[in-house]
Amino acid sequence: MAQFKDDPEKLPWLGRKLMLFDDKKNVDRLVYGLYALCALLFLADFFYKKKYYISAENFPGFYALYGFFACVVLVLCAKVLRRFLMRDEGFYAPQDTESEDHPDHDLGKESHYD
Amino acid sequence: MIDVLPPFTLYLLGALLLPFLPKGHVRGLLTIVVPVVGAWWIWSAPEGLHGQMTWMGLEMVWMRVDKLAVVFGLVFSLAAFLAALYAWHLRDTVQQVATLLYAGSAIGAVFAGDLVTLFLFWEGTAIASVFLIWARRTEGAYATGMRYLVIQISSGVILLGGLVLQYHDTGSIAFEAMTLGSLGTWAIFLSFGIKCAFPLLHDWLQDAYPAATVTGTVVLSAFTTKLAVYALARGFPGTEILIYIGAVMALFPFVYALIENDLRRVMVYSLNIQLGYMVVGVGIGTELALNGAAAHAFTGILYKALLFMGLGAVLFRTGTAKASELGGLYKTMPVTMVLCVIGAASISAFPLFSGFISKSLILSAAAHEHHNIVWAMLLAASAGALIHTGIKIPYFAFFGADSGKRPKEAPAHMLLAMGLTAALCIGLGVFPSVLYDMLPYEVDYDVYTTTHVITQLQLLLFSALGFALLMKAGIFPMPQRSVTLSSDWTYRKAGPAVVWYVGLAVRASWRGTSGLIAKLYADFIKAMHASAGPDGARAANWPTGAMVMNIAILLGIVLVVIFVS
C-alpha cells in the first residue's frame, strides 16, 4: 500500500534501512523466521528438565499451545463482541473528546519533508 | 513536632513558586529539579514515623518511612522527573503547577501514616489531576473532566465515610492492615477499588486519561492507580477477594483493548490489565506476591510511561493517536518507533525487559499457592498483552497500512525522556537485583532459569504466531473509527435518558392531574353559577328581603357569642 513515494536520500539513517520492509518479500521472510523460531522453541521443551509447580506445566509445549490458543480464542471473542459494542465515533458527542480534533495549541505538527 | 518534612512540602513550594518565575526554561527546570531533590529526600529519610502531630484530638502521621512506602515514593519521583523532561516544551502554567501538586499529593499519600492524612492527599490527587484533562480546553475535555472529578471525589468521600466509621469502631485512625468485615473497612476498600479501577468501577480511567493533553496523559498514567495499589497493599494485603477481582481485571479488558481505535485508550486498557496483576499479588499476600505487586507497579509505571510518551510523540506530530488514521510512520520517526518497541517488549514481559522480572514474581506466587485457575487466567492475559499492546500499538502506529503521513521525528527532549525510560526498562530487565533489593521483603527468587526463559518465550512467540496467522487469514479485527460501549454507558447515556424520561413522565402527569383538577373546579363553579347565580333558577325565587333577614340572624348570633364569651 505504498501510496506515498519516499525519497531515501531524505530519510533518517534508520528509516532508510527499514525501507527494506516496503518489499513484501522481506515481510514474508520475517514471518517465516517467526515460524522457524516457534518450531525450535517447541522442540526445546524436550531437551531440558522442566521445573514446575502445576502439573499441566509439564506437558510438552504447554506454554506454546496455551499461548497460541489463548490468543486466538480471545481475538475471536473480541471479534464477535465488537459487533455488539461498537458505536459511531460521535455517539457521546459533544460530551466526549473522541469526535473532536486534538487542539493545535497542544501539538507541534511538523512534516518530515518540510 | 515535625522532625522530617514530608516530600509533599517540596512539591507544594515548587508549585507556589512556579508562577512567579519567568516563563520558559526556568519553569521547566523547576519541574525537573523538584522530583530529583524529592527523591534524594525520600532516599535519605530514616525509617520510622516522622511528622507526628495531634490535630483536633487525632494522631496524625505525615511521614511513615518503610520499604513499601519508599519504593513507591521513589518510582513516583522518577515518573515525575521523566514526565517533566518529556514536557520541557510546555508553556502552560496550569499544567506545570497541576503536575507538581498531583505528583506531590501522590507521594504525600504514600507516606501518610494515618487515614486522615491519606484522605487529604487522596483528594489532592483528584483535584490536581483534573486540570491535566481540562488543559485540552475543548468542550469534550471539559465534560470528560467533570465526569472524572465526580468519580474521583466520590472515592474520597467514601474514604472519609469509611475512616469515620473505622475511628468509631476502633478509636484509631492509623493506616495499617485491615480485615474486611465492618462497614467502615468495606467503605475504605470500595474507595481504594474505585481508584484502582476494579471491574465495573473502571470506566473513569478509559474515559478520562486519553482525553488529557499530550503530556498530561503521561503524568496521569503514573500516579492515581498505582497509589491505589499501594493503598491496597498497605491496607488489605492477603485479602482473598482481591485475587479474584484482580484475575478478572487482568483478563476482561482484553476485548476492549483489541477493538479500541484510539491507541492511547488501548494503552489505558492495558494499564488496567497490568493493575489486575498487582491486585492479584496483593490478594495472595505472601512475601513473594507482595514483592511482585510492588515490583510490577515500579516497572509498570516506567514501561507504560514510555508507551504513553511514544504515542504522545506521534499525537504531537500528527494530531492523532487513532490506529485507523496512522501507519507507516517508521520511516520518518524511526527512533520513536524503536523506543516504543522497547516499551512494548517490556509490557509483554520478554526476557531481558523489565516486565519479565516483575510479572514473573506474581505468576510464580499464584502457582506456588496453587491458585491454578487464577494462574491460568493471568497466563492467558500475558499472551493477550502481547497482542493488544506488544504488537498492536507499534504495528498500527508505525507499520501497518501506510497512512501517507510523514511526520518529523519527535523533538529532542521527548526522545531524551523516552530514551532514559527505555534504558531503565532494559536496565531493570538485565539487572533485576537492583529492583529486588528495594522491595519490601527479602527476595529469594531467580528469574532467569532455563525453564522460565524458555516457557516465557514459547508463550509469547506462539501468541505472535497466532497474531500472524489471524492477520494472514484476514480475521484480526482491523481498527475503525468508533467508540466502544462499556459500563460507562449506564451513566453517560442510560442514566441521563432515564432522568429525561422520568422528567417527561412527571411533567406529563403533573400537567394532566393539575389540568383535571382545574377543570373539575371550573365545572363546579360554572354549575354553581348556573344554579345559584343571578340568572339561576334558584335566584329567581329568592326575594331580596330573605337576604336581609339572613344577615340580621347572623349578626344576632355574633352578638350572643360575644356576650357569652
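The residue count restarts for each chain, going from 1 along the sequence in the order it is written. Numbering of ligands from 1 and lettering of chains from A proceed in the order in which they are written. Two thresholds apply to this predicted model, a pLDDT of at least 70 for residue-level local features and 80 or more for giving and counting side-chain atom pairs, whereas whole-chain, interface and lining totals are computed over all residues.

As recorded in an unreviewed UniProt entry, chain B goes by the name Na(+)/H(+) antiporter subunit D, listed as coming from Harenicola maris.

Asks: Go over the overall build of chain B with me, naming the residues and quoting the values.
Replies: Counting secondary structure elements, chain B contains 23 helices and three strands. Just to be clear, the radius of gyration here is over C-alpha atoms, and the globule rule we use is 2.2 Å times residues to the power 0.38. By the compact-globule yardstick of 24 Å for 565 residues, chain B is too spread out, its C-alpha radius of gyration being 32 Å. Principal-axis analysis of the C-alpha atoms places the extent of chain B at approximately 120 × 65 × 60 Å. Here exposure depends only on C-beta density: within 10 Å of a residue's C-beta, 20 or more other C-beta atoms make it buried, 12 or fewer make it exposed, and intermediate numbers make it partly exposed, the C-beta atoms being placed from the backbone. In chain B, which comprises 565 residues, the share counted as buried stands at 57%. A sequence separation of at least 24 residues applies to 80% of the contacts in chain B between residues at least 6 apart. Each helix is a run of H or I in the DSSP string that is no shorter than four residues. Each strand is a run of E no shorter than two, and both are numbered from the N terminus. By the convention adopted here, residues make contact when the C-beta atoms placed from their backbones lie within 7 Å.

Asks: Explain the packing of helix α3 (residues 67-86) of chain B against helix α14 (residues 287-318) of chain B to me, using residue names and the numbers behind them.
Replies: Residue and element names in this part refer to chain B. Here the axes come from fitting lines to C-alpha atoms, over the contacting stretch only for helices, and the angles between their N-to-C directions go from 0 to 180 degrees. At a minimum axis distance of 10 Å, the contact between α3 and α14 shows a crossing angle of 10°. In terms of orientation, α3 lies roughly parallel with respect to α14. Seen from α3, the contacting residues are Leu 68, Val 71, Phe 72, Val 75, Ala 79, Leu 82, Ala 83 and Tyr 86; seen from α14, they are Ala 294, Ala 297, Phe 298, Ile 301, Ala 305 and Met 309. Think of it as three bins: nonpolar holds Ala, Val, Leu, Ile, Met, Phe, Trp, Tyr, Cys and Pro, charged holds Asp, Glu, Lys and Arg, and polar takes everything else, Gly as well. Looking at the contact of α3 with α14 residue by residue, the class counts come to 14 nonpolar, no polar and no charged. Roughly parallel refers to an angle under 35 degrees, roughly antiparallel to one over 145, roughly perpendicular to one between 65 and 115, and oblique to any angle outside these ranges.

Asks: Provide a residue-level description of the confidence of the model for chain B, including the pertinent values.
Replies: pLDDT is a residue-level measure of predictor confidence that goes from 0 to 100. Confidence along chain B averages 94 in pLDDT terms, with 99% of residues attaining 70 or more. Across the predicted assembly, pTM comes out at 0.91 and ipTM at 0.94.

Asks: Account for the environment of Asp 88 of chain A, naming residues and giving values.
Replies: Residue and element names in this part refer to chain A. By the element assignment, Asp 88 lies in the segment after β1 (86-87). For Asp 88, a count of 12 C-beta atoms within 10 Å corresponds to the exposed category. On a C-alpha basis, the gap between Asp 88 and Lys 24 in space is 33 Å, while along the polypeptide they are 64 residues apart.

Asks: Give me the interface of chain B and chain A: which residues, what numbers.
Replies: In this complex, chain B contributes 72 residues to the contact, which on the side of chain A involves 62 residues. When residues of the side of chain B that touches chain A are traced back to their parent elements, those giving at least two are α6 (139-170), α12 (253-259), α14, α15 (334-347), α16 (354-368), α17 (372-398), α20 (450-472) and β3 (483-484) of chain B. Sort the elements by how many residues they give to the side of chain B that touches chain A and α20 of chain B lands first, with 17 residues. Of the residues assigned to the side of chain B that touches chain A, the class counts are 38 nonpolar, 22 polar and 12 charged. With two bridges joining them, β1 of chain A and β3 of chain B adopt antiparallel strand pairing. Think of it this way: DSSP has to see at least two bridges between two strands before they count as a pair.

Asks: Can you lay out the domain arrangement of chain B for me, pointing to particular residues and giving the numbers?
Replies: All names here are of chain B. One can read the domain layout of chain B as domain 1 (1-235), domain 2 (237-482), domain 3 (488-532) and domain 4 (541-565). Boundaries of every domain are those given by an automatic assignment or by a domain database. The C-alpha centroid of domain 2 is placed 24 Å from the C-alpha centroid of domain 1. On the domain 2 side, the residues contacting the 34 residues of domain 1 number 41 residues. When contributions to the side of domain 1 that touches domain 2 are tallied by element, the ones reaching two or more residues are α3, α8 (203-208), α9 (214-222) and α10 (224-235). Ranked by residue count, the leading element in the side of domain 1 that touches domain 2 is α3, at 10 residues. Grouping the amino acids of the side of domain 1 that touches domain 2 by side-chain chemistry returns 25 nonpolar, seven polar and two charged.

Asks: I'd love a proper account of the UniProt feature "domain: NADH:quinone oxidoreductase/Mrp antiporter transmembrane" (unreviewed entry) in chain B, names of residues and values included.
Replies: Sequence positions flagged by UniProt for "domain: NADH:quinone oxidoreductase/Mrp antiporter transmembrane" (unreviewed entry) are, in local numbering, residues 112-378 of chain B. As a span, residues 112-378 of chain B carries 75% helix and 0% strand, and end to end its C-alpha atoms are 32 Å apart. UniProt positions are given in the numbering used here, feature names are shortened, and annotations may be inferred rather than shown by experiment.

Asks: Give a description of α6 of chain B that names residues and reports values.
Replies: Residue pairs three or four apart in sequence face the same way in an α-helix, which turns once every 3.6 residues. Its 32 residues give α6 of chain B an end-to-end C-alpha distance of 46 Å, which sits within 8% of 46 Å, the value for a rise of 1.5 Å per residue. Of the residues one or two after α6 of chain B, Gly 171 of chain B is the one with positive phi, at around 75°. Expected span of a helix, by definition, is 1.5 Å for each gap between consecutive residues, and there is one gap fewer than residues.

Asks: Residues and numbers for the environment of Ser 221 of chain B, please.
Replies: Residue and element names in this part refer to chain B. Note on placement: Ser 221 falls in helix α9. Measuring from C-alpha to C-alpha, the distance between Ser 221 and Ala 367 comes to 29 Å, with 146 residues separating the pair along the chain. The contacts of Ser 221, once residues within four sequence positions are left out, are Tyr 209, Leu 271, Lys 304, Ala 305 and Phe 308.

Asks: Tell me about unusual backbone geometry, and name the residues and values.
Replies: For the bond running from Ala 93 of chain A to Pro 94 of chain A, omega is 0°, close enough to zero to count as cis. Mapped onto the fold, Pro 94 of chain A is located in the segment after β1. Even without being a glycine, Arg 137 of chain B presents a positive backbone phi close to 60°. By C-beta crowding, Arg 137 of chain B is classed as partly exposed, having 13 other C-beta atoms within 10 Å. Non-glycine residue Leu 352 of chain B carries a positive phi angle of around 80°.

Asks: Pulling in residues and values, what's your account of α10 of chain B?
Replies: All names here are of chain B. For α10, with 12 residues, the first-to-last C-alpha span of 16 Å sits near the 16 Å given by 1.5 Å per residue. Burial analysis of α10 places 12 of its 12 residues in the buried class, which makes it a mostly covered element. Along α10, the positions that sit buried rather than exposed are Thr 224, Thr 225, Lys 226, Leu 227, Ala 228, Val 229, Tyr 230, Ala 231, Leu 232, Ala 233, Arg 234 and Gly 235.

Asks: A description of the packing of helix α5 (residues 115-134) of chain B against α6 of chain B should follow, citing residues and the corresponding values.
Replies: Residue and element names in this part refer to chain B. The geometry of α5 relative to α6 is characterised by a closest axis approach of 9 Å and an angle of 180° between their N-to-C directions. Considering their axes alone, α5 and α6 lie roughly antiparallel with respect to each other. When its residues are assigned to classes, the contact of α5 with α6 shows 16 nonpolar, five polar and one charged.

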